[in-house]
Amino acid sequence: MDRSAAAAYVCAKAGGMLQKSFVGPRAAKLFSVHSLTELWSLLFSGEVPAVPEIMLADRIEQEAQGRFVAQYVKLIQNYSKPDDIFLTFLRSFEYENLKRIGAALATGRKEMPAVADIAPFAVIHYDRWPDIAAMTADTPFAWYDRVPSVSEQKDFDNRLDMQYMRELWTSANRLPGAERKPVVDFIAHEYAMQNVVWALRLKVYYTMSPEQILPLLAYADDRALPDDVLAGDAVAILNKDISNWEDWSGWKYAQLLNPHEEGTVWSVDPRWVELEARKRFNALMLRKFHAYPLSAMVLVSWFKIKQYEVSMIRTATESLRMNVENADAMKFAGL
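Everything quoted here is computed from the prediction, not taken from an experiment.

Caption draft 1: Fine view of the layout of surface pockets. As a volume, the largest pocket reaches approximately 1,500 Å³. Every residue lining the largest pocket is counted, 44 residues in all, and those nearest its centre are Glu 190, Tyr 191, Gln 194, Lys 304 and Gln 307. At 9 residues, the largest contribution of residues to the lining of the largest pocket is made by helix H7 (residues 177–205). A class-by-class count of the residues in the lining of the largest pocket yields 24 nonpolar, 10 polar and 10 charged. The computed volume of the second largest pocket comes to approximately 380 Å³. Taken together, 15 residues line the second largest pocket, and the ones lying closest to its centre are Gln 62, Gln 65, Ala 114, Val 115 and Ala 116. If you tally residues by element for the lining of the second largest pocket, the top one is helix H3 (residues 53–76), at 8 residues.

Here is the structure:
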């Protein structure tokens, strides 16, 4: 279909899918079941696989992600020429696939790990396993041409993360006219908050200095400037005293901070900030889906909403396996 016809069809189709999804008020249903068998029956129409519980947990997570990918592929196939950002979102699965492949090879595994199938949009040559250089040849991952050592994995994974972020940012800025700003602002907000939470974790849990944290943030620009649109908010907190409320009370995101009571000892809690940011972003995703019909924002927000649904399914699965209380699991999921 041409772009306008595809946008109208996708808007209607994606809206129908969300009505059946476990997002918004329906998300609580994921945490109302009492067993993995019940969770499977809630999510899928097929018979519950006759496998041990730990394998059933993996099957639920794989099935949920597989359904998400398949639905997204069908949606973007309605466009005769999908916007770059739609394909970039889809390729996020290949970034994760490559991390798994690298980890498997680094530890000497003989069989390729389970990977997300994004055909017909895949670029990695999976049929060339286990030759990592052949698998990535003539792709955006061609630099990943050798098996990393176990100690190098984090560096390779970090480079993949930075590459994906830059690709996403660039593709968002390629959107046409009026569709560009809402999407760019949406993505900038998400990454800015991820940077803030990451900086807080490094600052509080690992007592890292600002100089140590700066190169570990995600930047929109190679120059890594302090006022970078994605990293600026994180840079602004690097010199704040984590135990001084006055230092934080005027912060741009003070509403995300853990409560402070006069006369009591206080210290910024990264986990609290992360949960509050997650709850607000969840609500923002749903608002954005309805705010910009017939535009790229429909699929952008739909992808993020469904991505979060899969994350909540994983949380529900793990909470059942580990006998975590429903209320605690829901809190962790940001509900």
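Caption draft 2: Region of the structure containing H7. In this model, H7 (29 residues) spans 43 Å end to end at C-alpha, consistent with the 42 Å of a helix rising 1.5 Å per residue. Downstream of H7 by a residue or two, Thr 207 has a phi angle that is positive, lying close to 45 degrees.

Caption draft 3: Quick look at the side chain of Asp 233. By secondary structure assignment, the location of Asp 233 is in helix H9 (residues 232–235). At 2.8 Å, the side chain of Asp 233 forms a polar contact with the side chain of Tyr 253. Setting aside anything within four residues of it in sequence, one finds Asp 233 in contact with Ala 192, Val 196, Lys 252 and Tyr 253.

Conventions adopted
- Residues numbered from 1 in each chain as written.
- Predicted model: local features only at pLDDT ≥ 70, side-chain atom pairs only at ≥ 80, totals over all residues.
- Heavy atoms only, no water.
- 1 Å grid on protein atoms, 1.4 Å probe; cavity = no way out; pocket = protein on both sides within 12 Å on 5 of 7 lines; lining within 4 Å.
- Points joined across faces, edges and corners; volume = space filled by probe spheres on them.
- Helix = DSSP H or I, 4+ residues; strand = E, 2+ residues; numbered from the N terminus.
- Nonpolar A, V, L, I, M, F, W, Y, C, P; charged D, E, K, R; others polar.
- Expected span 1.5 Å × (residues − 1).
- Polar contact = N/O pair within 3.5 Å; in protein donor to acceptor, adjacent residues only side chain to side chain.
- Contact = heavy atoms within 4.5 Å.

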